[in-house]
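A look at the structure
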Amino acid sequence: MGSRIPDPLQPPTSSSETPRAPFGAGWVQPMNQNPPYPLPTQLQFQPQRPTQAHPYIAHQNVRASYPAPISAPYPSISSSSNPNPYPSPSHSSQFASQHQYQQNVQPSSGNTFYKDQEAISAENMYGPGQNQRQGYGGGGGNGQGHWHGKGYGHGQPHEYRPPTALKEGAPTVKPVQGFDPVKDAHDLRKAMKGFGTDEEVLINIICRRSNEQRQEIQRQYKTHFGKDLIEDIKSETSGNFEKLLVGLLRPIVDFYCAELNNAMAGIGTDEEVLIEILCTLSNMEIYTIKNQYLRLYGAHLESELKSETSGNFKRLLISLCTAARDESGRVDPNLAKDDARELLKAGELRVGTDESMFNMILCQRNYQQLKLIFQEYENMTGHSLEKAIKKEFSGDIMEGLVAIFRCVTNKAEYFASRLHKSMAGIGTNDTQLIRVIITRSEIDMVDIKVAFERLYGKSLKSWIKGDTSGHYKHALYALVGEQRSS
């Protein structure tokens with residue numbers, strides 16, 4: 001099909017977005033062919049000044065799904081009339097998260113930074129308002145500080161340090177320091193050469209490197225030995241251990257595409273996979289998956305979803321697939337009350353259900369605004385929106401809307417429940433277990449482990465130990481940051 005993407009598939013952009021690497025710190029750009037997976041250099045981190053415009057506009061000025069083409073792999077930020085006084089931080093795992101790295105100020109309530117789970121005041125992050133003006137004032141004169149506070153200029157140098165309090169999650173798999181891909185490639189070849197295989201070497205290298213590092217190991221392996229590492233892994237391992245290692249060696253966007261394709265291939269559709277992926281990813285991640293899906297399978301993801309699903313569930317997935325959710329992080333309490341009333345009128349206060357209203361609000365509003373909406377709904381009714389969804393809907397559409405609700409309220413708990421479901425009852429859904437651990441290990445697996453133990457009373461490690469065995473079990477231990485047990 002060639003190396004270019006059809007024009008309609010353009011990345012979502014927003015003047016208030018801050019670009020970041022999708023899929024966690026280990027993601028590598030799959031679109032360029034020479035070299036195939038270049039390293040991201042530096043993210044442009046530019047805090048935005050609050051404007052006088054209304055912070056959140058409902059039912060108006062809906063932007064197109066995919067604006068004009070851009071050449072950079074990440075969306076750019078429109079320039080501001082005021083120069084940015086802060087240097088851009090280097091690309092590191094603390095700025096790469098499953099959701100947009102938000103640093104937006106709510107004009108109506110002062111200097112507050114909003115994140116998925118909490119609001120953090122600028123004063124708590126930077127200290128009291130005084131002395132924040134250091135380095136930007138002249139002499140001892142009073143001066144207006146930057147948009148994060150007022151202060152007094154003393155002419156002393158002031159270095160901006162990005163607020164690590166906004167970090168979304170803690171990964172269990174991080175890039176290895178002192179990484180030597182040539183040595184790793186030779187060690188893997190030695191572990192598989194001749195009779196027998198040293199599985200412990202495979203685990204210690206493949207399961208303890210970031211996805212970006214694994215791609216470099218694969219290139220060096222092919223360069224030095226003229227062999228494909230994935231093919232050698234397939235010939236030397238089997239079962240779930242093989243599935244896990246092969247999944248880890250795929251670029252993460254290719255892994256997501258394969259999971260979506262497998263969910264829709266053959267007779268029947270695995271709707272739970274579609275929900276788990278499309279209801280939990282950001283605009284840029286969905287856009288990237290759509291482009292790569294077309295490249296890998298010669299079909300548009302949206303067309304595949306239309307042919308494999310139906311009814312309200314199909315409309316929910318198509319809405320999510322457009323990757324047009326507001327990701328500004330800005331909130332409006334008054335409009336949150338309006339949306340909560342609209343949801344109430346569309347569901348519990350009428351005979352039947354207006355599914356389109358639930359679809360519009362839950363697929364368009366940013367996560368911070370949705371939290372306010374959920375709280376307003378509970379204030380009005382005395383129960384959660386999740387309870388209302390379960391009462392008004394059924395089947396796949398209910399599961400999809402509940403997944404969005406749970407991701408907004410606590411994403412770690414949502415994925416903890418997915419892990420629990422994969423191992424609960426008779427037998428184990430190894431495909432689901434492998435998918436969640438691979439996709440979350442470089443993002444927030446530490447948080448998921450904490451949520452798992454809080455929800456189910458036992459550690460994730462103990463559940464893995466009870467449902468898996470052998471090298472497969474030890475590989476899962478490595479990925480979730482646990483030591484090998486006897």
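Residues numbered from 1 in each chain as written. Predicted model: local features only at pLDDT ≥ 70, side-chain atom pairs only at ≥ 80, totals over all residues. Heavy atoms only, no water.

Some thoughts on the overall build of the chain
Worth spelling out the cut-off: Secondary structure elements follow DSSP: runs of H or I no shorter than four residues count as helices, runs of E no shorter than two count as strands, and numbering proceeds from the N terminus. We call two residues in contact when some of their heavy atoms are within 4.5 Å.
Each helix and strand counted, the chain has 20 helices and four strands in total. Put simply, of all contacts in the chain between residues at least 6 apart along the chain, 73% involve residues at least 24 apart.

Here's the deal with the environment of Ile464
Selection rule: Whether a residue is buried, partly exposed or exposed follows from its accessible area with a 1.4 Å probe, protein chains only, as a fraction of its type maximum: under 20%, in between, or over 50%, in that order.
Turning to its location among the elements, Ile464 is positioned in helix H19 (residues 460-467). Judged by relative accessible area, which is 0%, Ile464 ranks as buried. Along the chain, Ile464 and Tyr477 lie 13 residues apart, while their C-alpha atoms are 7.9 Å from each other. If we skip the residues at most four places from it in the chain, Ile464 touches Met423, Ile437, Lys473, Leu476, Tyr477 and Val480.

Thoughts on the packing of helix H12 (residues 333-346) against helix H13 (residues 355-364)
Rule in force here: Only the stretch in contact is used when a helix axis is fitted, and all axes are lines through C-alpha atoms; the angle between N-to-C directions ranges over 0 to 180 degrees. Angles below 35 degrees are treated as roughly parallel, those above 145 as roughly antiparallel, those between 65 and 115 as roughly perpendicular, and all remaining angles as oblique. Whether a crossing is left-handed or right-handed is set by the direction in which the near helix is turned from the far one by less than a right angle, anticlockwise for left-handed and clockwise for right-handed.
Closest axis-to-axis distance for the H12/H13 pair is 9 Å, and the angle between their directions is 150°. As far as their axial angle goes, H13 and H12 are roughly antiparallel. Crossing of H12 against H13: the hand is left-handed. Residues Asp339, Glu342, Leu343 and Ala346 of H12 form the contact with H13, whose participating residues are Met357, Phe358, Ile361 and Leu362.

Some points on the packing of aromatic side chains
What counts is decided by this rule: Pairing of aromatic side chains requires ring centres within 6.5 Å, counting the rings of Phe and Tyr and the six-membered ring of Trp. Pairs whose planes differ by under 30 degrees are stacked, by over 60 edge-to-face, and all others tilted. To sit over a ring, a charge needs its Lys NZ or Arg CZ within 6 Å of the ring centre and within 35 degrees of the ring normal.
Applying the stated rule across the entire model yields seven aromatic pairs. Aromatic pair Phe358 and Phe393: ring centres 5.1 Å apart, planes at 80°, arrangement edge-to-face. Taken together, the positions of Phe358 in helix H13 and Phe393 in the loop between helix H15 (385-392) and helix H16 (395-423) put the pair 35 residues apart, joining distant regions of the chain. Given the relative accessible area of 1%, Phe358 is considered buried. Judged by relative accessible area, which is 7%, Phe393 ranks as buried. A ring pair is formed by Phe374 and Phe405, whose centres lie 4.6 Å apart and whose planes are at 40°; its orientation type is tilted. On the criterion of sequence distance, the pair formed by Phe374 in helix H14 (residues 367-381) and Phe405 in helix H16 is long-range, its members being 31 residues apart. With respect to burial, Phe374 and Phe405 carry one shared label: buried. Taken together, the aromatic side chains of Phe452, Tyr456 and Trp463 make up a single cluster linked through ring pairs. Sitting over the ring of Tyr477, Lys461 keeps its end group 5.2 Å from the ring centre.

Some words on the confidence of the model for the chain
Fine structural detail should not be taken from predicted coordinates in areas where pLDDT scores are low. Defined as follows: The predictor attaches a confidence to each residue, and that confidence, scored 0 to 100, is pLDDT.
On average, residues of the chain carry a pLDDT of 77, and 65% of them reach 70 or more. Across residues 15-20 the pLDDT falls below 50, and counting only partners more than four positions away or on other chains, this stretch makes 33 contacts in the model. Segment residues 31-167: pLDDT under 50, and 291 contacts once partners within four positions in sequence are set aside and those in other chains are kept.

Overview of the packing of helix H10 (residues 301-308) against helix H11 (residues 311-321)
This is how the line gets drawn: Polarity classes work like this: nonpolar for Ala, Val, Leu, Ile, Met, Phe, Trp, Tyr, Cys and Pro, charged for Asp, Glu, Lys and Arg, and polar for all others, with Gly in that last group.
At a minimum axis separation of 9 Å, H10 and H11 run at an interaxial angle of 175°. Here H11 runs roughly antiparallel to H10, going by the angle between their axes. Where H10 abuts H11, its residues Leu301, Glu302, Leu305 and Lys306 lie against Lys314, Leu317, Ile318 and Cys321. A class-by-class count of the residues in the contact of H10 with H11 yields five nonpolar, no polar and three charged.

Quick look at unusual backbone geometry
Phi is positive for Ala323, which is not a glycine, with a value near 55°. By relative accessible area, which is 1% here, Ala323 ends up buried.

Structural notes on H15
Applied cut-off: Arc definition: it is the arc formed by the directions from the helix axis to the C-beta atoms.
Within the sequence span of H15, burial applies to Leu385, Glu386, Ala388 and Ile389. Along H15, the residues classed as buried sweep out an arc of 160° about the axis, all on the same side. Exposed residues lying more than 90 degrees from the buried face of H15 are Lys387 and Lys391. Residues of H15 that are buried make contact with H12, H13, H14 and H16.

Details of the pattern of salt bridges
Spelled out, the test is: Here, a salt bridge means any Lys or Arg side-chain nitrogen found within 4 Å of an Asp or Glu carboxyl oxygen.
This model, assessed by the stated rule, comprises 22 salt bridges. For Lys345, the salt bridge is made with Glu342, and the minimal N-O distance between the two is 3.3 Å. Residue Lys345 and its partner Glu342 are located together in helix H12, separated by three residues, close to a single helical turn. Looking at Lys345, the relative accessible area reads 45%, which means it is partly exposed. One connected set of salt bridges, linked through shared partners, spans Glu259, Glu272, Glu276, Arg418, Lys421 and Arg435.

Some details on the environment of Lys345
Basically, it comes down to this: Counting of polar contacts relies on pairs of N or O atoms within 3.5 Å, with two restrictions inside protein: one atom must be capable of donating a hydrogen and the other of accepting it, and residues adjacent in sequence are counted only when both atoms are side-chain atoms.
Expressed as a C-alpha distance, the spacing of Lys345 and Met357, which sit twelve residues apart in the sequence, is 9.4 Å. A polar side-chain atom of Lys345 sits 3.3 Å from a polar atom in the side chain of Glu342.

What to know about the side chain of Thr439
Mapped onto the secondary structure, Thr439 falls in helix H17 (residues 430-440). The exposure class assigned to Thr439 is buried, which follows from its relative accessible area of 5%. Reaching out from Thr439, the side chain makes a polar contact with the backbone oxygen of Arg435 at a distance of 2.8 Å. For Thr439, the side chain forms a polar contact with the main-chain oxygen of Val436, separated by 3.3 Å. Discounting residues that sit within four places of it in the chain, Thr439 has contacts with Ile252, Phe255 and Tyr256.

Regarding the side chain of Ser328
Mapped onto the fold, Ser328 is located in the loop between H11 and H12. With a relative accessible area of 2%, Ser328 lands in the buried category. A polar side-chain atom of Ser328 sits 3.0 Å from a polar atom in the side chain of Asp326. A polar atom in the side chain of Ser328 sits 3.2 Å from the backbone nitrogen of Arg330.

With respect to H16
Applicable threshold: Expected helix span is given by 1.5 Å per residue-to-residue step, counting one fewer step than there are residues. Across the chain, bend at a residue is computed as the angle between axes fitted to the seven residues ending at that point and the seven starting from it.
Across its 29 residues, H16 extends only 22 Å between first and last C-alpha, which sits more than 12% below the 42 Å expected from 1.5 Å per residue. Where H16 bends most, at Asn410, the angle is about 130°. Among the 29 residues of H16, 21 are classified as buried, and the element is accordingly described as predominantly covered. Gly425 sits one or two residues past H16 and shows a positive phi near 75°.

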